[in-house]
Amino acid sequence: GTVYLNGEYLGADEAKISPMDRGFLFGDGIYEVIPSYQGKMLGFGAHIERMNNGLNELEIKLDYSADTWRKICNDLCEKNQGDNLGIYLHVSRGADTKRAHGYPTNITPTVFAFAFEIPAEPKSDIDSATTYTVSLEQDRRWQRCHIKSTALLGNVIHYQHGAAAGNKETILFNRLEEITEASSSNVFIVKEGVISTPPLDNQILPGITRWLIINILHSYSDFNVQERIISKEELLDADEVWITSATKEVGPVVKVNGKLVGDGKPGAVWQQVQSLFTKHKF
Ligand code: PDD
């Protein structure tokens, strides 16, 4: 496929970056993943805003406007074709001449982007939905999970623990046994009709899908949505559990550590929420 690197469009195997790039040496960078269906991006503005927040927090100075990013994303969709594409954006602090921890001054950020195939838009049908079995374990990542850093080793290890147990995701809880998020998703539970998700703080990524879901549900008065601390016990006792991300949308979890969630099928609230999401997401 065709990728974007520092202002140029190149074949993926022609694109080269320096091994002295701080993204390579330190994981010193920020990334985003934006879904695009039939050429229409989902949550574009919110994804760019979150990336800019991350860049500001890391003091990486990059003068790309939202319009510049939009053009890069549209170009990549056009050059790579496909109805269902994820667009990966990556900004690292750049390449230095030496390896030193401190932020160097006067280096230019490295900007890389590519498009990749993703599954078709999730459906809200109970019998044909993509469902998720998950592991549950203690969150051993760092204290800055609100930054969408390219340094994902902690997340990767958690994901792999789930995969080794035959699961598709790993849900995490902190040392107080409060649910944080999953290795690459946010978490929601439903109990007796009440929809809950952990509050935004340094322990979780402020997911764009999470934000879209909450906004959509707030626009209907018939949902009780709470951003609050959720204990591990509550998750294990929930009627429904969902994991959310750009490509999963509202992903129904049917098993946690081998134990069925509810009757082991996507729930009735899930079906309502995924269909409202489908209706209002763009
Ligand atoms: N992951 N939490 C973590 C740790 C994530 O990595 C992601 C997304 C989310 C969900 O965020 P959003 O709704 O904005 O996609 C939550 C992306 C898709 C990835 O790493 O591939």
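Per an unreviewed UniProt entry, the recorded name for the chain is Cytochrome c551, and the organism is Pseudoalteromonas gelatinilytica. Heading Cofactor (unreviewed entry) of the UniProt record for the chain holds this comment: "pyridoxal 5'-phosphate". What UniProt records for the chain under Sequence similarities (unreviewed entry) is the sentence "Belongs to the class-IV pyridoxal-phosphate-dependent aminotransferase family."

A.B. asks: What should I look at first to understand the overall build of the chain in this one?
C.D. replies: Looking only at helices and strands, one finds seven helices and 15 strands in the chain. In terms of C-alpha radius of gyration, the chain reaches 19 Å, essentially the compact-globule figure of 19 Å for 282 residues. Considering only contacts in the chain between residues 6 or more positions apart, those separated by 24 or more positions represent 69%.

A.B. asks: I would appreciate a short explanation of the nonpolar core in the present structure.
C.D. replies: A general tendency of soluble globular proteins is for nonpolar side chains to be buried together. Ranked by size, the top nonpolar core spans 49 residues in total, and within it I87, V134, I171, L235, V241, V253 and V256 carry the most contacts. Per-domain counts for this core show at least three residues from each of domain 1 (2-117) and domain 2 (132-280). Residue contacts for I171: discarding those within four places in its chain leaves V134, L136, I179, A182, V187, L235 and V256.

A.B. asks: Which parts of the structure should I look at to understand the sheet that holds strand β1 (residues 2-5)?
C.D. replies: By way of backbone hydrogen bonds, the strands of a sheet pair with one another, either parallel or antiparallel. Overall, antiparallel pairing links the six strands, which are arranged β2-β1-β6-β5-β3-β4 in an open sheet. A single partner strand is all that each edge strand has here, and the edge strands are β2 (8-11) and β4 (40-41). Bridge analysis of strand β3 (residues 29-37) against strand β5 (residues 84-92) gives nine bridges, and the strand direction is antiparallel. The partner of G29 across the bridge, within β5, is S92. Together, β3, β4 and β5 form the strand contacts of helix α2 (residues 44-57), whose direction differs from that of β3 by roughly 175°. Its contacts with the sheet place helix α3 (residues 66-80) against β1, β2, β3, β4, β5 and β6 (110-117), and it is angled at close to 40° to β6.

A.B. asks: What am I meant to see in the pairing of strand β10 (residues 186-191) here?
C.D. replies: Remark: a regular strand shows side chains that alternate across the two faces of the sheet. The buried count for β10 comes to five of six residues, which makes it a mostly enclosed element. As defined by bridge partners, β10 adjoins strand β13 (residues 240-245) across five bridges and the pair is classed as antiparallel. Looking at the pairing, F188 lines up with W242 of β13. As paired strands, β10 and strand β11 (residues 194-197) are joined by three bridges and run antiparallel to one another.

A.B. asks: For this particular structure, what's the right way to read the site of the ligand?
C.D. replies: Around the ligand sit 14 residues in total, of which L205, G207, I208, T209 and A246 are the nearest. At three residues, the largest contribution of residues to the shell around the ligand is made by helix α5 (residues 208-218).

A.B. asks: I keep staring at the packing of α5 against helix α7 (residues 268-280) and nothing clicks. Help me out?
C.D. replies: Pairs of packed helices are described in terms of their axes, by the angle between the two and the distance that separates them. In contact at an axis separation of 10 Å, α5 and α7 are set at 95° when each is read in the N-to-C sense. With respect to each other, α5 and α7 are oriented roughly perpendicular. Taking contact as the criterion, the partners of I213, I216 and L217 in α5 are, on α7, V273, L276, F277 and H280. Grouping the amino acids of the contact of α5 with α7 by side-chain chemistry returns six nonpolar, one polar and no charged.

A.B. asks: Looking at this structure, how should I read the domain arrangement of the chain?
C.D. replies: A common way to express how large an interface is: the accessible area buried when the components associate. As far as domains go, the chain holds domain 1 (2-117) and domain 2 (132-280). The interface is formed by 18 residues belonging to domain 1 together with eleven residues belonging to domain 2. Its residues placed into classes, the side of domain 1 that touches domain 2 shows six nonpolar, nine polar and three charged.

A.B. asks: Mind showing me how you'd approach α5 here?
C.D. replies: An α-helical segment advances 3.6 residues per turn. Residues three or four places apart therefore align on the same side. Within α5, the full set of buried residues consists of I208, T209, R210, L212 and I213. Contacts from the buried residues of α5 go to α2, β10, β11, β13, β14 (249-256) and α7.

A.B. asks: Looking at this structure, I do not really get unusual backbone geometry. What am I missing?
C.D. replies: In terms of backbone geometry, most residues other than glycine have negative phi values and most peptide bonds are trans. The backbone phi angle of N6 is positive, close to 45°, even though this residue is not glycine. Within the fold, N6 resides in the loop between β1 and β2. For N257, which is not glycine, the phi torsion reads 45° and is therefore positive. You can see N257 is positioned in the loop between β14 and β15 (259-260). Here N257 falls in the partly exposed class, since 14 other C-beta atoms lie within 10 Å of it.

Procedures and definitions
- Residues numbered from 1 in each chain as written.
- Predicted model: local features only at pLDDT ≥ 70, side-chain atom pairs only at ≥ 80, totals over all residues.
- UniProt positions renumbered as here; feature names shortened; annotations may be inferred.
- Helix = DSSP H or I, 4+ residues; strand = E, 2+ residues; numbered from the N terminus.
- Rg over C-alpha atoms; globule rule 2.2 N^0.38 Å.
- Contact = placed C-beta atoms within 7 Å.
- Core = buried A, V, L, I, M, F, W, Y, C linked by C-beta atoms within 7 Å.
- Buried ≥ 20, exposed ≤ 12 C-beta atoms within 10 Å, placed from the backbone.
- Domains from an automatic or database assignment.
- Pairing = 2+ DSSP bridges.
- Axes fitted to C-alpha atoms, helices over the stretch in contact; angles between N-to-C directions.
- Near = placed C-beta within 6 Å.
- Parallel < 35°, antiparallel > 145°, perpendicular 65-115°, else oblique.
- Nonpolar A, V, L, I, M, F, W, Y, C, P; charged D, E, K, R; others polar.

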